[in-house]
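The residues making up each chain are set out below.
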Amino acid sequence: MSNVIDLMEQHYLVGRDKEVECFLERLLADFANERILNVYGTGGIGKSYLLNEFRRLSIQFGATFLLLDSRTLISPLEFCLQLLRTLHYPAKEIPMTEDINLITKICLDTIQEATGKGKIVLALDTFEEFGQSEQWLREEFLTQLPPQLLVVISGRLPLQGKWLYSSVWRKLIYRIPLSDLDYESVKQYMIRSGIDSEETVQRIWTQTKGHPLTLALFASTTLVRTLQKTGTMATDEVFKHIVNVWLTEVPDDYRELVETAAVLRYFNQELLSYVLEKPITVKQFQKLASLSFVQRVDRGWLLHDLLRDAVSHELRLREPERFDQLWKRCVLYYFKKIKQTVGKKSVVWDNAEWFYYIGDQLIQSAFYQHSSSYSTEPLTLANWQEAEQYIANRYLHTKDVRINLQDPNTQESVEFVYKAEVSLYGLMHIHLKELYELDASIVKLTRDFQGVVCGLSVIIPINEHTLEYLKSKPLSSAYFNSLSAAELSALQVPRYSRAGYFFKTLDVYDSSDLPMLQWTGLTFISHILSSCFIVAAPPPDPFCHAIFHSLGCEITKDVIHYDYGDQAPAPLFVIDTRGNKLHNYLNRMAASYGIVGENEEKDKDVTPVLLTGKETKVVQLIVEGHSNMEIAQQLYISESTVKKHLSNIFRKWDIKNRAQLINYYMKIRNS
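The following refers to the structure shown. (Residues numbered from 1 in each chain as written. Predicted model: local features only at pLDDT ≥ 70, side-chain atom pairs only at ≥ 80, totals over all residues. Heavy atoms only, no water.)

Let's talk about the overall build of the protein
Secondary structure assignment for the protein yields 33 helices and 16 strands. Summed over its atoms, the accessible surface of the protein is roughly 32200 Å², and 51% of this surface lies on carbon and sulfur atoms. (Helix = DSSP H or I, 4+ residues; strand = E, 2+ residues; numbered from the N terminus. Areas by Shrake-Rupley, 256 points an atom, 1.4 Å probe, with all protein chains shown as cover.)

Some thoughts on the environment of I391
Relative to the helices and strands, I391 resides in helix α20 (residues 384–397). Residue contacts for I391: discarding those within four places in its chain leaves L427, L432 and L456. (Contact = heavy atoms within 4.5 Å.)

Details of empty space enclosed by the protein
Here the structure, examined in full by the defined rule, presents five cavities of 30 Å³ or more. In this structure, the largest cavity spans a volume of roughly 480 Å³. Surrounding the largest cavity, 28 residues form its lining, Y418, L506, T520, C544 and F548 being those nearest its centre. Mapped by element, the contributors of at least two residues to the lining of the largest cavity are α21 (420–423), β13 (501–508), α26 (514–528) and α27 (542–550). In terms of residues, the lining of the largest cavity owes the most to one element, β13, which gives six residues. (1 Å grid on protein atoms, 1.4 Å probe; cavity = no way out; pocket = protein on both sides within 12 Å on 5 of 7 lines; lining within 4 Å. Points joined across faces, edges and corners; volume = space filled by probe spheres on them.)

Some thoughts on the pattern of salt bridges
A side chain of one charge can pair with a side chain of the opposite charge if their charged atoms are brought near each other. Applying the stated criterion across every chain, the model contains 23 salt bridges. The salt bridge partner of R138 is E134, with a shortest N-O separation of 3.9 Å. Of this pair, R138 and E134 both sit in helix α6 (residues 134–141), four residues apart, which is roughly one turn of the helix. Taking relative accessible area as the criterion, E134 reaches 25% and is therefore assigned partly exposed. Residues participating in the shared-partner salt-bridge network are E259, E314, R318, E319 and R322. (Salt bridge = Lys/Arg side-chain N within 4 Å of Asp/Glu carboxyl O. Buried < 20%, exposed > 50% of the residue type's maximum accessible area, 1.4 Å probe, protein only.)

As for the sheet that holds strand β5 (residues 173–177)
Spatially, five strands are ordered β2-β3-β4-β1-β5 in an open sheet, and the strand pairing comes out parallel. With one partner strand each, in any of the chains shown, β2 (64–69) and β5 form the two edges of the open sheet. Sheet twist, expressed as the average angle between the axes of neighbouring strands with direction ignored, equals 15°. Where strand β1 (residues 36–40) and β5 come together, five bridges link them in parallel fashion. Following the sheet pairing, L37 is matched in β5 by Y174. (Pairing = 2+ DSSP bridges. Axes fitted to C-alpha atoms, helices over the stretch in contact; angles between N-to-C directions.)

Considering the sheet that holds strand β8 (residues 375–378)
Here we have seven strands laid out as an open sheet, ordered β8-β11-β12-β13-β14-β16-β15, and mixed in their pairing. The open sheet has two edge strands with one neighbour each: β8 and β15 (554–561). The sheet shows a mean angle of 25° between the axes of neighbouring strands, direction not considered. In the sheet, strand β11 (residues 443–447) pairs with strand β12 (residues 453–461) via five bridges, with the strands oriented antiparallel.

Focus: the nonpolar core
Ranked by internal contacts, the top residues of the largest apolar core, which has 138 residues, are W354, F355, F480, I528 and L661. Top element by residues in this core is helix α17 (residues 320–339). It accounts for ten residues. Dropping the residues within four chain positions of it, I528 is found in contact with F355, I534, L551, I575, T577 and Y585. With 34 residues, the next largest nonpolar core counts C80, L81, C107 and F127 among its residues. (Core = buried A, V, L, I, M, F, W, Y, C linked by side-chain atoms within 4.5 Å.)

The following block contains the structure:
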């Protein structure tokens, strides 16, 4: 029976070729420099499944595989006794003693004897449960193992702390982080499960994010529904199960923090404090950040995609009013942050986050559901041929496509049909040489992670150099010729600056490729609030127009063009956030969420005690995220003087910590 199970597990093992190759390389080597393989990843990522494959490979190549579950090893003595039992050491020969040195010596001698008969692999699973015996294992046990023994340590978190302090340990450890499966691996798994419908595979890929445990649950659920024509184990039940699996490591008093972080896309201590309307201490935040499903990225911290979706979905069902309140606080946070950038350099990242929270179902499902790894580069002589080939292939291989989107909150699906001829409209008036000579930065190519060109964009800066082109060429001429002399004059900024952008096309090779579609959408979104003035000429298609409406673009009622063909009258879309128009735009978008009046009334009575000039500068640097030492260096004062300023600020504003300071400062700025 065990052989049958092994064969089935091997059949369903996908997407781990590199990890298996790494293990085999060290298993078959006489002596490996990196004798400790550290396998780590979030709950349900497939660590134990991979260890089983390591076990099968060890047996196949004549090695002994010893697997210990750290959850059962409460002390060094229990570790040694369990290892001796696994090595089939005669129980009657184990002395009845608690002398750990004696038992350790017996254990090491037994291992040494066993290595004379062949290679040994010692695997420790769920290592995060190993507890206080970790130091003993590292300093007293592993250091005495024979060099030909291979150790695998598997857990939710990577080995850290003293494992990394020593250069010797660092050289012995090879890290194997496990990530979610990519689309091709998911597709392979589904086919092996007997599910080969491209539509079903795409749906499950979207729902599971490639998380192995969830993938298995959804695959089995789909099979049950298909074979029995029943709704057994509905989507909600799957999500509840996943939530329980993920949250086993979260203490009860941290559930609120995890649930709040799940509502956010990215988070930091300041944002969590603002959304919860109470200070989050450094200790609390550090505990949250240490959880295995929390990842540090350049923009802050984030929960694993699947956990975030599962927890937020479950919270929305269980406490809809609380969920809505947390979401509103997110909207308000970025609403105020963007308003603070008026007259300053806008932060593109804040703009994208604003649209995540304020966006409707269409925006969230189209542009914020997938991780993508694309890069853009300007058109050059070196990639010119690739650009021409891309356009030729688009005309040669284009076809009608179905764009299937799923609401991340309700799990409801909506489908758009994008006609082949409409998808080519964006390339009708693209002449590479003409655009390149106008401005070499206008045309950009998009590449996927394999380096293949999969998209082409034409975004023209509006200035005195490009205005004549915009007034005379298809797609743009109808709009720019409709402007008054005063309006055109405002756009005639110097050549190497811009008054805005004209989006001539954002073309993708396959519109049904949702990660690519998302990349394109975020390209447009990143320009909206940072560019002051945007004009776009999308094809006359319901899907395209719905996107622009959702982003708050205004349609040109009195200006249409026929540049896509006599039978295809098309309007243009405009976003104008110059000057006070930014406030009008933000207020209009936020009003649809019902938050502006409510919060402006709440905050208008803020009357701060005045600070000195130096204290004000300290506050500004704290809001920017600087430490006391960094503030001291920038202001040419001592660190103790910084602390004195902080003490005075806390007293004047009746606050107790930096989080409260930041929240109060933001209220002052927007009151």
